[in-house]
Amino acid sequence: HMISSQKALDFGLVSEVYGDIKTMREKANELADELAGYAPITMKMIKRQFYDAANKQTSDIAETDALALAFLQTTEDAKEGLRAYLQKRQPTYKGR
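This report concerns the structure included in the present document. (Residues numbered from 1 in each chain as written. Predicted model: local features only at pLDDT ≥ 70, side-chain atom pairs only at ≥ 80, totals over all residues. Heavy atoms only, no water.)

1. Some details on the environment of Gly12
Part 1: By secondary structure assignment, the location of Gly12 is in the loop between helix H1 (5-10) and helix H2 (21-36).
Part 2: Overall, the relative accessible area of 56% leaves Gly12 in the exposed class.
Part 3: In this structure the C-alpha to C-alpha distance between Gly12 and Ala39, which are 27 residues apart in sequence, comes to 28 Å. (Helix = DSSP H or I, 4+ residues; strand = E, 2+ residues; numbered from the N terminus. Buried < 20%, exposed > 50% of the residue type's maximum accessible area, 1.4 Å probe, protein only.)

Rendered as structure tokens:
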């Protein structure tokens, strides 16, 4: 069953609706550029958690999210992110 983009927005299934394909592509590219600036290891973990959540109970999702967060806090990229923030500069992530 298909619903309109406006209903999807009203139901909270999407966060934005665009009037034309050109604008949608521009916004998608802006989002991709923003996501590309995040630590690669973090993005990989988020993607894995997202896909794994489809087959898990809520309590299991919370547990694996906590484990993932604990792991991510030990990475070189996490340390680089904190250093960059404190030094008021852009981080240079290495995916480790």
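2. Concerning the pattern of salt bridges
Part 1: For the structure on display, the rule yields three salt bridges.
Part 2: In this structure, the salt-bridge partner of Glu30 is Lys27, at a minimum N-O distance of 3.8 Å. A residue pair is termed a helical-turn pair when its members lie 3 or 4 positions apart in one helix, as Glu30 and Lys27 do in helix H2 at three residues.
Part 3: For Glu30, a relative accessible area of 48% corresponds to the partly exposed category.
Part 4: Ionic pairing is found between Glu80 and Arg89, a salt bridge with its closest N-O pair at 2.7 Å.
Part 5: Take Glu80: its relative accessible area is 10%, and that puts it in the buried class.
Part 6: Beyond isolated ion pairs, a larger network of salt bridges with shared partners links Glu80, Arg83 and Arg89. (Salt bridge = Lys/Arg side-chain N within 4 Å of Asp/Glu carboxyl O.)

3. With respect to the side chain of Glu80
Part 1: Structurally, the position occupied by Glu80 is in helix H5 (residues 76-86).
Part 2: Residue contacts for Glu80: discarding those within four places in its chain leaves Arg89, Gln90, Pro91, Thr92 and Tyr93. (Contact = heavy atoms within 4.5 Å.)

4. Side note on the packing of aromatic side chains
Part 1: According to the stated counting rule, one finds one aromatic pair in the structure shown.
Part 2: Consider the rings of Phe50 and Tyr51, whose centres lie 5.5 Å apart with planes at 75 degrees: the pair is edge-to-face.
Part 3: Under the relative-accessibility criterion, Tyr51 is labelled exposed at 53%. (Phe/Tyr/Trp six-rings, centres within 6.5 Å; stacked < 30°, edge-to-face > 60°.)

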